[in-house]
Amino acid sequence: LVGFVVIAYGAAAGLIGNTQRRRRLVTSSIHTVYAFAGLTTLASALMIYAFVTHDYSIKYVAEYSDTSMSVGHKVTAYWGGLDGSLMFWSWVLAVFSAIAVRMNRYRHADMIGFVVAVILLVQLFFVALLIYDKNPFATFLGEPPQDGQGLNPLLQNYWMTIHPPTMYVGYTAATIPFAFGIAALASGRLDDQWLSSVRQWTLICWLFLSIGLILGGRWAYEELGWGGYWAWDPVENAGLLPWFTMTAFLHAVMIQEQRGMMKVWNIALVILSFFLTIFGTFMTRSGVVQSVHAFGQDNDLALIFILFMALILIVSFGLLLFRLPQLRSSNTFESFVSREYAFLLNNWILLACAFFVLFATMFPTLSEAVTGQRITVGPPFFNQWMVPIGLVLLFLAGATPLLAWRRTTLDRLFSQFVFPVAFALLAVSVVAIAVPRSRMFTAVFTDAVQLPVTLICIALCAFTLASVSQEFWRGVRIRRRQTGGDPFTALVGLIVTKRRKYGGYIVHMGVAIMFIGFAGKAYDRSVDRTVEAPGAVFEAGDYTFRYDALKTHSDDLMHSTTAEVMLSKGDRELGLLTPEKRQYVNFPDQPNTVVSVNSQLSFDVYLVLTGFDTSTERAHFRVYLNPLVNWVWIGFGVLMLGGLICLIPQRMIEQRPSAPASRGRGGAAAGGAAILLAASLVALPQVAHAQDEGAPPGAEHPDSAAGAQYDDEDVFSHTGGASVGHLYRPNDGNFLRPYEAEARRIVEQEQPDLEPESQAYQQAVSAKLQPIIDLGERLMYDLVCLCGGCPREEIYTCKCGYAANLREKVLSLLSRYDLLDESERERAYDEVVDAFIDEYDGEHVLAMPIDKGFNRLAWIVPYAAVLGALLLLVAFGWRWVRRGNDNAASGGSEGDASVTGEDETYAELLDDELRDTD
């Protein structure tokens, strides 16, 4: 309450003081920022103290903690619920605001009052929510409970201790650039000076959003037990949206610094990034989208956020339109083959990504509002569109550093691209030969367009890593010529003195390495195995699993069952895996899966205990073989390193002690990226050995041969007797046996000379059965689990009992058709899908929306917007380039101090760039 009064006064004082040029009022408003930071810090300390001391008279404490939780989880509970998360947001923003205002109170003295006013008005909104609607300090009117409910078991994970705070830091940091941008518009100070302050805070926002997104993926990988790390969940997408626009701004701001262009665009990106952080908060806290991560539905809160977001857009873009004449630039593009035009293309694509993800995420809500049916847009649909767009961005990450400002001549273009292109061709040739399955084709944009996506991804990773390595090598060579130092010293000096440029290159390297991990997703495999008793052995890929024991444990907090499984490869034991199932006493309807992972550079062996019977010690396991997944985490580490290098303050560089040059240690430094890629290529051939299980639709399954042994039953009970249900496997005997008999009859009729025991006979029968297996898998990938506790996984991969029942229902429906007939299979697919839609009241049961009616009409909007934007980019590009050439010919172009005549050699250009720009 005191903070509300303080920031209301501070916002008014800053606004009036800056408008009327009353310095004392502006100074007073600055002090209110510091005061509010202190007040929110005190309030946060009191809330954490309440959690630690079990003060259950506070409703929020009683709802999200209990006496059995560790201190770390009690602190985590502070932001584990809706009320506390809004309070935590307000505290982080208060601390950031105090730091930002103190750093810039003299540097931007002429507009700091407006900066303070904008920040405090945003704070006013959140504090008003806390006071009038979501008060975390609300108490019980009667007797408080003796113990609390406890934190959601999914959140009792060490990654959740650091994942939400990093996301909140990323979200709240977007307020600082927004405040400076609005202050620049309000004050009329529209030069580039405000950018220097905004750039660092934008980088902080981008870096923490990146960390938060990856840590969230890591949490999902370890905690949810579905074998993946990204499922295009609405809450994941909420953090991704401002990441796209912040990335666009960090690239576009360089064009404004170098050429004085795109001022309107940059301010618009700052506004849009802040708006998307508020929109993401609205999505996850209002219940407008359905997610395993989201808070409950709250229509009143949704309306409040909608009004606030409308106010942001009206005021921000109103100011932008008012100042539009003062923001026009005299410079323009002079060539399509230039660094600034590549940055512009990069920006348009990133914005298209943000728009597409936003529309697809909100599409279920939109369809429900228009048609009354909530239509699902699942991961397959996102992947079909976002994977090729991501590959285009990866190409630009490698190509843009090779282009010159203003224009790139043909000779320079050839000399710059020859090594990266040659290295990419070499890498893709090695992979195509070593891993034949990498040549498989995947649908992009539509099923009619099939491309070898894995090979394209590997080629672009190699191209980007080679491009960045080449830039480092050339930079080190120039640096040595300037300083006379050894290669290692030159490399360190290059990175430290030109932090933004070479730190950005390291970020590009990290992105390329992460894409190597993404390419491994094409080879993910999962297999289900039921074992009757300890001592049994089963296999998956090249790995052998020995089931040793099933142990149970109970206490006042939970009941747990742990399986002990020894993992081996060949004759070598790799370690003991201990997957576990937990049932928390306070959450009886929410069983918790604890996975066990054996991590290697080339593979993760990921084991899940999906069911068990304690009386017989029968257990069911799901094994995921995840190739190259660790390259995602390695690439993220490189990306974070690059981001931290970009954030090193200049004063730290100026104060660093000089060190004597050490010689002869840096020969391999510039080639580090190539070594990383080579290591991944060594790991890739090992992926080929994992193809024996769970092949994707269209691939031959080795267990589908007519002579394969079938399990007659795959039904067993959970602790307490709850049925897990039928677990579908491609070689399920109950389903395939009638078709196998018919397939044998057809083969014997068509090829009477074949011996029933011969391999050719078995292959012929298998070929008849394969389309049936493919149809079952296709249906199970196209239908999602509706249990409410899963992240809307496809029923093929979901491990819960509800999904098992849905798999059994699919097989039951398919058994009514003659699936050996191709036309009958197509009819079976359509009718099974229609049956699920009818039974479950709508298309929300589908992973991909049906392309007809409202769906087709609605999706015209993002498609037309993306295509129209690209056409406008080309059309306006011709106009800009023609005008730029006319200006250059007439001597009207101011040019770039770091770019001289076209006949300069690359080394001379780099000399100037290293000397004059950062």
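Fair warning: this is a prediction, and the values are worked out from it, not measured in the lab.

S.K.: Sorry if this is basic, but what is going on with the overall build of the protein chain here?
M.R.: For the protein chain, the count of helices and strands is 27 helices and twelve strands. By residue count, 57% of the 918 residues in the protein chain fall in the buried class. Residue pairs at least 24 apart in sequence account for 73% of intrachain contacts in the protein chain once pairs closer than 6 positions are excluded. Surface exposure of the protein chain reaches about 37,600 Å², of which carbon and sulfur atoms provide 60%.

S.K.: Teacher, can you tell me more about the pairing of strand β11 (residues 603-613) here?
M.R.: Remember that side chains alternate between the two faces of the sheet whenever the strand is regular. Burial analysis of β11 places eleven of its eleven residues in the buried class, the great majority of the element. Relative to β11, strand β10 (residues 596-599) runs antiparallel, the two being bridged by four bridges. The partner of Ser 599 across the bridge, within β11, is Asp 604. Hairpin geometry of β10 and β11 is characterised by an intervening segment of three residues between the two adjacent antiparallel strands. Pairing between β11 and strand β12 (residues 618-627): ten bridges, direction antiparallel. Bridging across to β12, Leu 609 finds its partner in Phe 621. Linking β11 back to β12 in an antiparallel pair, the connection comprises four residues, with Glu 617 at a positive phi of about 65 degrees.

S.K.: What is the right way to look at the sheet that holds β10 in this model?
M.R.: Adjacent strands of a sheet pair through backbone hydrogen bonds, lying either parallel or antiparallel. The four strands lie next to each other as β3-β12-β11-β10, forming an open sheet whose pairing is antiparallel. The outermost strands of the open sheet, each flanked by one partner alone, are β3 (525-531) and β10. On average, each strand axis in the sheet is inclined to that of its neighbour by 20 degrees, with strand direction left out of account. Both β3 and β12 contribute to a ladder of seven bridges, which runs antiparallel. Directly across from Asp 528, in β12, lies its bridge partner Arg 622.

S.K.: What am I meant to see in a nonpolar patch on the surface here?
M.R.: Together, Leu 42, Leu 46 and Phe 137 make up a nonpolar patch on the protein surface, roughly 260 Å² of accessible area in all. Tracing the chain through its elements places Leu 46 in helix α2 (residues 23-52). For Leu 46, a relative accessible area of 45% gives the class partly exposed.

S.K.: Which parts of the structure should I look at to understand helix α7 (residues 158-173)?
M.R.: Along an α-helix, residues three or four positions apart point the same way, because every turn accommodates 3.6 residues. Taking 1.5 Å of rise per residue, 16 residues should cover 22 Å, and α7 covers 24 Å from first to last C-alpha, within 8% of that figure. Among the 16 residues of α7, 13 are classified as buried, and the element is accordingly described as predominantly covered.

S.K.: Help me understand the pairing of strand β7 (residues 572-577), please; the structure alone is not making it clear to me.
M.R.: For strand β6 (residues 558-569) and β7, the ladder comprises five bridges, and the chain directions are antiparallel. By the bridge assignment for β7, Leu 567 is matched with Gly 575. The turn joining β6 and β7, which pair antiparallel and follow one another in sequence, is formed by two residues; a positive phi near 65 degrees is taken by Gly 570.

S.K.: Even after reading the chapter, I still don't get the packing of aromatic side chains, so can you show me in this structure?
M.R.: For any pair of aromatic rings, the description rests on two quantities: the centre-to-centre distance and the angle between the ring planes. The tally for this structure, following the rule as stated, stands at 42 aromatic pairs. Relative to Phe 244, the ring of Trp 243 lies with its centre 5.8 Å away and its plane at 70 degrees, an arrangement referred to as edge-to-face. With a centroid separation of 6.3 Å and an interplanar angle of 70 degrees, the aromatic rings of Phe 472 and Tyr 505 are classed as edge-to-face. In this pair, Phe 472 sits in helix α16 (residues 453-483) while Tyr 505 sits in helix α18 (residues 499-519), placing the two residues 33 residues apart along the sequence. An identical accessibility class is assigned to Phe 472 and Tyr 505; each is buried. The structure contains a cluster of three or more aromatic residues connected by ring pairs, namely Trp 89, Phe 125, Phe 126, Tyr 171, Phe 275, Phe 279, Phe 282, Phe 305 and Phe 308. Looking at Lys 59, its charged tip hangs above the ring of Phe 140, at a distance of 6.0 Å from the centre.

S.K.: What should I look at first to understand the packing of helix α23 (residues 759-782) against helix α25 (residues 822-839) in this one?
M.R.: Angle between the axes and distance between the axes are the two parameters that describe a pair of packed helices. The N-to-C vectors of α23 and α25 enclose an angle of 20 degrees; their axes lie 11 Å apart at closest approach. It follows from the interaxial angle that α23 and α25 lie roughly parallel. The crossing of α23 and α25 is right-handed. Contact with α23, carried on its side by Pro 771, Leu 775, Arg 778, Leu 779 and Asp 782, involves Arg 825, Glu 826, Ala 828, Tyr 829, Val 832 and Val 833 of α25 and no other residues of that element.

S.K.: When you look at the environment of Ile 795 in this model, what are you seeing that I'm missing?
M.R.: By the element assignment, Ile 795 lies in the loop between α23 and α24 (801-814). Using a relative accessible area of 0% as the deciding quantity, one classes Ile 795 as buried. Taking the C-alpha atoms as reference, Ile 795 lies 6.6 Å from Arg 807; in sequence the two are twelve residues apart. Non-local contacts of Ile 795, meaning those with residues more than four positions away in its chain, are made with Met 780, Leu 783, Val 784, Cys 785, Ala 803, Leu 806, Arg 807 and Val 810.

S.K.: How should I be thinking about unusual backbone geometry in this particular structure?
M.R.: Trans peptide bonds make up most of the peptide bonds, and negative phi angles are found at most residues other than glycine. Although it is not a glycine, Arg 21 adopts a positive phi angle of roughly 55 degrees. Assignment of secondary structure puts Arg 21 in the loop between α1 (2-19) and α2. Look at His 54: it is not a glycine, yet its phi comes out positive at around 60 degrees. Mapped onto the elements of the fold, His 54 is located in the loop between α2 and α3 (59-64). Assessed through its relative accessible area of 29%, His 54 is described here as partly exposed.

S.K.: Could you clarify how one ought to interpret the side chain of Thr 172 in this entry?
M.R.: Secondary-structure assignment places Thr 172 in helix α7. Since its relative accessible area comes to 0%, Thr 172 is described here as buried. At 3.2 Å, the side chain of Thr 172 forms a polar contact with the backbone oxygen of Val 169. Residues within four places of Thr 172 in sequence aside, it is in contact with Trp 89, Val 92 and Leu 93.

S.K.: Any chance you could explain the pattern of salt bridges here in plain terms?
M.R.: A side chain with one charge can pair with a side chain of the opposite charge if their charged atoms come near. Per the stated rule, a full pass over the model turns up ten salt bridges. With its nearest N and O atoms 2.8 Å apart, the salt bridge here joins Arg 622 to Asp 528. Taken as a pair, Arg 622 in strand β12 and Asp 528 in strand β3 lie far apart in primary sequence, 94 residues in all. Here the two residues Arg 622 and Asp 528 agree in accessibility, since each one is buried.

S.K.: What am I meant to see in the nonpolar core here?
M.R.: It is characteristic of soluble globular proteins that their nonpolar side chains tend to be buried jointly. Grouped together as the largest cluster of nonpolar side chains are 157 residues, with contacts concentrated most on Trp 206, Phe 244 and Ile 278. Top contributing element to this core by residue count: helix α9 (residues 193-223), with 17 residues. If you look at the next biggest cluster of nonpolar residues, it comprises 36 residues, including Phe 735, Cys 798, Ala 803 and Leu 814.

S.K.: I keep staring at the confidence of the model for the protein chain and nothing clicks. Help me out?
M.R.: The predicted coordinates of low-pLDDT regions are not to be read in fine detail. On average, the protein chain scores 77 in pLDDT, and the residues at 70 or more come to 78%. Contacts of residues 658-733 to residues separated by more than four positions or lying in other chains number 168 contacts, the stretch itself having pLDDT below 50. Confidence drops under a pLDDT of 50 for residues 892-918, and excluding neighbours within four residues, the segment shows 61 contacts in the predicted structure.

S.K.: Can you walk me through the environment of Val 511 in this structure?
M.R.: Here Val 511 lies in helix α18. Val 511 gets classed as partly exposed once you look at its relative accessible area, which sits at 22%. Sequence spacing of Val 511 and Leu 465 is 46 residues, and the spatial spacing of their C-alpha atoms is 9.5 Å. Among all residues touching Val 511, those that are not within four sequence positions of it are Leu 394 and Leu 639.

S.K.: Even after reading the chapter, I still don't get the packing of helix α8 (residues 175-187) against helix α11 (residues 263-286), so can you show me in this structure?
M.R.: Interhelical geometry of α8 versus α11 gives an angle of 135 degrees and a closest axis separation of 9 Å. Classed by the angle they form, the pair α8 and α11 counts as oblique. Considering how the two elements wind past one another, α8 and α11 form a crossing that is left-handed. Contact with α8, carried on its side by Thr 175, Pro 177, Phe 178, Ile 182 and Leu 185, involves Ile 267, Val 270, Ile 271 and Phe 274 of α11 and no other residues of that element. Taken together, the residues of the contact of α8 with α11 break down into eight nonpolar, one polar and no charged.

S.K.: Would you explain the environment of Trp 206 in this entry?
M.R.: Here Trp 206 is to be found in helix α9. Overall, Trp 206 belongs to the buried group, its relative accessible area being 5%. Between the C-alpha atom of Trp 206 and that of Thr 247, which follows or precedes it by 41 residues, the distance is 7.0 Å. When sequence neighbours within four positions are dropped, the list of residues in contact with Trp 206 reads Trp 243, Met 246, Thr 247, Leu 250, Val 507 and Leu 639.

The rules behind these values
Residues numbered from 1 in each chain as written. Predicted model: local features only at pLDDT ≥ 70, side-chain atom pairs only at ≥ 80, totals over all residues. Heavy atoms only, no water. Helix = DSSP H or I, 4+ residues; strand = E, 2+ residues; numbered from the N terminus. Buried < 20%, exposed > 50% of the residue type's maximum accessible area, 1.4 Å probe, protein only. Contact = heavy atoms within 4.5 Å. Areas by Shrake-Rupley, 256 points an atom, 1.4 Å probe, with all protein chains shown as cover. Pairing = 2+ DSSP bridges. Axes fitted to C-alpha atoms, helices over the stretch in contact; angles between N-to-C directions. Patch = residues over 30% accessible without salt bridge, like charges linked within 9 Å, V, L, I, M, F, W, Y side chains within 5 Å. Salt bridge = Lys/Arg side-chain N within 4 Å of Asp/Glu carboxyl O. Expected span 1.5 Å × (residues − 1). Phe/Tyr/Trp six-rings, centres within 6.5 Å; stacked < 30°, edge-to-face > 60°. Lys NZ or Arg CZ within 6 Å of the ring centre and 35° of its normal. Parallel < 35°, antiparallel > 145°, perpendicular 65-115°, else oblique. Left-handed = near helix turned anticlockwise from the far one by under 90°. Polar contact = N/O pair within 3.5 Å; in protein donor to acceptor, adjacent residues only side chain to side chain. Core = buried A, V, L, I, M, F, W, Y, C linked by side-chain atoms within 4.5 Å. pLDDT = per-residue confidence, 0-100. Nonpolar A, V, L, I, M, F, W, Y, C, P; charged D, E, K, R; others polar.

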